[in-house]
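Observations on the model geometry
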Amino acid sequence: MAVAPAAWAGAFTPEAGGSPNADEIDRLYRIVLYIAIPIFLIVEGTLIWSLVKFRERKGGPAPAQIRGNTPLELGWTIGAAVILVVIAAVTFIYLGDIKNPASSGPAGLASGVAVASLDQPAPPSDGGKSLEIEVNGQQFVWRYDYPGEQIFSYYEMVVPTDTTVTLKIRASDVIHSWWIPELGGKADGVPGHTNETWFKIPEPGVYRGQCAELCGEGHADMRAQVRAVSPEEYTAFVEERAQEIKEAQEGLAEQRRERATEEEEVE
Ligand SMILES: [Cu+2]
């Protein structure tokens, strides 16, 4: 860990900074952590102090034998309950912003381009649109299908900045887990089931992650990358991919025709 800075990324708190939901997860985690640290210190400090101060000493009197203390016990039971209620209330305040996709920003992908409508329990509050990408976990690679005509890529997902991207996560063989730490929590890819998550990246950048569910012998190689580019560059990427895929398919069709002709000649 000492020589690998990546090992220290979010060593004590969740990684964040890539998407608003990841930032909110980090904030909520810190609130609970900062409540827990003083409680931990008070409880453990009192315990250790008591062990030392009231230990049995050689030749000393027998320590006082105390059985119960109703006001103290009531106090820490009610106190603990109040703290739990506060944490639960704070959690529900943050949960909405973590779970529900934010709206795409003004600099996001223009609505004229292929953007799927949002089909989630709580769509962006302004009824806005999102770019929906299908994520498919397969031993041992991630495949992404973009909206529009048959645009797909493997390993690297390209997305426009300032645009809400909603993911439909599935798997075609065994259970995988989609996880790009700086873009939010994990979401399992389960065969026959669809999980949803989302992110919105403000600035161009690259975010890395890997499959977070032991899915077979190639699990360690099942990495993933999200590249955020400007909406113009995204549109260019989609056009380029469409061309590449079309050329590859035409090439394949050509090969098949040649093969068929050769076989006919042999006969
Ligand atoms: Cu996997």
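Residues numbered from 1 in each chain as written. Predicted model: local features only at pLDDT ≥ 70, side-chain atom pairs only at ≥ 80, totals over all residues.

The subject of this paragraph is the overall build of the chain. Within the chain one finds 4 helices and 10 strands. Tracing the chain from N to C terminus, the helices and strands come up as α-α-α-β-β-β-β-β-β-β-β-β-β-α. Over its C-alpha trace the chain gives a radius of gyration of 27 Å, far above what one expects of a compact globule, namely 18 Å for 267 residues. Taken along the three principal axes of its C-alpha coordinates, the chain extends 110 × 50 × 35 Å. Residue burial in the chain is summarised as follows: out of 267 residues, 23% are buried. For the chain, long-range pairs separated by at least 24 residues make up 65% of all intrachain contacts whose partners lie at least 6 apart in sequence. (Helix = DSSP H or I, 4+ residues; strand = E, 2+ residues; numbered from the N terminus. Rg over C-alpha atoms; globule rule 2.2 N^0.38 Å. Buried ≥ 20, exposed ≤ 12 C-beta atoms within 10 Å, placed from the backbone. Contact = placed C-beta atoms within 7 Å.)

A few words now on the nonpolar core. Across soluble globular proteins, nonpolar side chains have a tendency to be buried as a group. One finds Ile133, Val135, Val159, Val165 and Val226 to be the most contacted residues of the largest nonpolar core, which totals 28 residues. Those elements that provide at least two residues to this core are α2 (20–53), β1 (131–138), β2 (141–146), β4 (156–160), β5 (164–171), β8 (195–200) and β10 (223–229). Built from parts of two domains, this core gets at least three residues from each of domain 1 (11–99) and domain 2 (131–252). Among all residues touching Val165, those that are not within four sequence positions of it are Ser130, Leu131, Ile133, Val159, Trp198, Phe199 and Lys200. (Core = buried A, V, L, I, M, F, W, Y, C linked by C-beta atoms within 7 Å. Domains from an automatic or database assignment.)

This part is about helix α3 (residues 70–99). In this model, α3 (30 residues) spans 43 Å end to end at C-alpha, consistent with the 44 Å of a helix rising 1.5 Å per residue. A bend of about 30° at Ile93 is the largest found in α3. Among the 30 residues of α3, 0 are classified as buried, and the element is accordingly described as predominantly exposed. (Expected span 1.5 Å × (residues − 1). Bend = angle between axes of the 7 residues up to and from the residue.)

At a closest axis distance of 9 Å, the pairing of α2 and α3 adopts a crossing angle of 170°. Taken as axis vectors, α2 and α3 run roughly antiparallel relative to one another. Here Pro20, Asn21, Glu24, Ile25, Arg27, Leu28, Ile31, Val32 and Ile35 of α2 lie close against α3, whose contacting residues are Ile83, Ile87, Val90, Thr91, Tyr94, Asp97 and Ile98. Split into classes, the residues belonging to the contact of α2 with α3 amount to 11 nonpolar, 2 polar and 3 charged. (Axes fitted to C-alpha atoms, helices over the stretch in contact; angles between N-to-C directions. Parallel < 35°, antiparallel > 145°, perpendicular 65-115°, else oblique. Nonpolar A, V, L, I, M, F, W, Y, C, P; charged D, E, K, R; others polar.)

Next up on the list: the sheet that holds β2. Ordered in space as β3-β2-β1-β5-β8, the 5 strands form an open sheet in which the pairing is mixed. The strands lining the two open edges of the sheet, one partner per strand, are β3 (151–154) and β8. Going across the sheet, the axis of each strand differs from the next one's by a mean of 25°, ignoring polarity. Here β2 runs beside β3; their pairing, made up of 4 bridges, is antiparallel. Bridging from a neighbouring strand, Tyr146 pairs with Ile151 of β3. (Pairing = 2+ DSSP bridges.)

Another aspect to go through is the domain arrangement of the chain. Looking at the assigned domains, one finds that the chain contains domain 1 (11–99) and domain 2 (131–252). For domain 1 and domain 2, the distance between their C-alpha centres works out to 40 Å. Taken together, the contact between domain 1 and domain 2 spans 9 residues of the former and 10 residues of the latter. Of the residues that constitute the side of domain 1 that touches domain 2, the class distribution is 4 nonpolar, 4 polar and 1 charged.

Per-residue confidence for the chain gives a mean pLDDT of 88, with 93% of residues at or over 70. Least confident of the elements in the chain is helix α1 (residues 5–8), whose mean pLDDT is 73; most confident is strand β6 (residues 176–178), at 97. This stretch, residues 112–123, has a pLDDT under 50; its non-local contacts, to residues over four places away or in other chains, come to 24 contacts. (pLDDT = per-residue confidence, 0-100.)

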